[in-house]
Amino acid sequence: MKLIDSHAHLTSDDFNEDRSFLIKDLSNFAVNSVIMPACDLENSYETVKLAEKYDNLYAQVGFHPENIESFDDSSIEKLEDLAKNPKVVAIGEIGLDYYWQDDNKDEQKEIFIKQLDLAKKLKLPVVIHSRDSIDDCLEILKDYSDLKVQIHCFSYSYIHLMECMKRGYYISIGGVVTYKNADNEKNAAINVDLDKLMLETDCPYLSPEPYRGMRNDPRKIVEVAREIANLRGMKLSKLAKRTSKNAMEFFNIK
């Protein structure tokens, strides 16, 4: 059995003490590959550098909506140069976030669109952050029907899920699906088309049960897979194989 963690912040300071050990230990937990999102330009450089060091790590580059204060006129050009690295597999994580700050919506949208345009130019998939902003994200994405889209950390209604399915988007589900009151995540795990499902940890955040409250890492992805397999009434090995295939196809990993 092989698993792929499609969203893990391994450049986080939370891993400074044991990052190398953790990465080398992944194979002992059936984790074949890890895709690492970026949050801003500096973090994009860090993510690419780490991906270059290990065969089983891959990078995204981009500005998270919470980190757009450092975005300037040269940022897109620098992201484009970085994105030409063969270990870069997507533009992400990008999108909108109205949970922490909603008085800069226009600026968030402008930078989101610029990064979508870059992904379109480079023919790269996009990984979408959409906290408290899924409707605006979907509205903007209407103009990018030719892009491959992953909705990261999906937590929305059945209606939103059906709209994403209609558009052919990939749905990524993380450790929250193991929580008792995670109705939206559980419903999504059951109803998403199997060929559009991916797994993630979003580590070091959102540890699955029975590790809730502890630091998360990609070795815990099996708990996400086990919960979704149980919800769908299928074998863990079959779910692992299908979701890994989906991630490889989406990120164009050979």
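Here is a short report on the structure shown in this document. (Residues numbered from 1 in each chain as written. Predicted model: local features only at pLDDT ≥ 70, side-chain atom pairs only at ≥ 80, totals over all residues. Heavy atoms only, no water.)

**A word on the sheet that holds strand β3 (residues 57–61)**
Where strands meet in a sheet, backbone hydrogen bonds hold them as pairs that are either parallel or antiparallel.
Stage number 1. Spatially, the eight strands line up as an open sheet ordered β1-β2-β3-β4-β5-β6-β7-β8, and their pairing is parallel. Across the chains shown, the open sheet's two edge strands, defined by having one partner strand only, are β1 (3–5) and β8 (197–199). With strand direction ignored, the average angle separating the axes of adjacent strands in the sheet is 25 degrees. (Pairing = 2+ DSSP bridges. Helix = DSSP H or I, 4+ residues; strand = E, 2+ residues; numbered from the N terminus. Axes fitted to C-alpha atoms, helices over the stretch in contact; angles between N-to-C directions.)

**Focus: the environment of Val88**
Stage number 1. Considering the arrangement of structural elements, one finds Val88 in strand β4 (residues 88–97).
Stage number 2. It is 33 Å that separates the C-alpha atoms of Val88 and Asn230, two residues lying 142 residues apart in sequence.
Stage number 3. Ignoring sequence-local partners within four residues, the contact set of Val88 consists of Val48, Ala59, Val61, Leu82, Ala83 and Leu124. (Contact = heavy atoms within 4.5 Å.)

**So, the pattern of salt bridges**
When the charged atoms of two side chains with opposite charge come close together, those side chains can pair.
Stage number 1. According to the stated counting rule, one finds 15 salt bridges in the structure shown.
Stage number 2. For Arg219, the salt bridge goes to Asp217, with nearest N and O atoms at 3.0 Å. Asp217 shares its class with Arg219; the two are buried.
Stage number 3. Via salt bridges that share partners, Asp25, Asp217, Arg219 and Lys220 belong to a single interconnected network. (Salt bridge = Lys/Arg side-chain N within 4 Å of Asp/Glu carboxyl O. Buried < 20%, exposed > 50% of the residue type's maximum accessible area, 1.4 Å probe, protein only.)

**Here we look at the pairing of strand β5 (residues 126–131)**
Stage number 1. Counting buried positions over the six residues of β5 gives five, a clear majority of the element.
Stage number 2. In terms of strand pairing, β4 meets β5 through five bridges, oriented parallel. Looking at the pairing, Gly95 lines up with His129 of β5.
Stage number 3. Pairing geometry for β5 and strand β6 (residues 149–151), over three bridges, is parallel. By the bridge assignment for β6, Val126 is matched with Val149.
Stage number 4. Each parallel crossover has a hand, and the one from β5 via helix α5 (residues 134–141) to β6 is right-handed. (Right-handed = clockwise from strand over helix to strand, strands pointing away.)

**Re the layout of surface pockets**
Stage number 1. For the largest pocket, the calculated volume is near 580 Å³.
Stage number 2. Every residue lining the largest pocket is counted, 21 residues in all, and those nearest its centre are His129, Arg131, His152, Asp202 and Tyr205.
Stage number 3. Residues belonging to the lining of the largest pocket are distributed by class as follows: six nonpolar, ten polar and five charged.
Stage number 4. Of the pockets and cavities examined, the second largest pocket occupies roughly 210 Å³.
Stage number 5. Lining the second largest pocket are Leu10, Thr11, Arg19, Ser20, Ile23, Glu46, Lys49, Leu50, Lys53 and Tyr54. (1 Å grid on protein atoms, 1.4 Å probe; cavity = no way out; pocket = protein on both sides within 12 Å on 5 of 7 lines; lining within 4 Å. Points joined across faces, edges and corners; volume = space filled by probe spheres on them. Nonpolar A, V, L, I, M, F, W, Y, C, P; charged D, E, K, R; others polar.)

Functional significance is not addressed by these values, which are geometric in nature.
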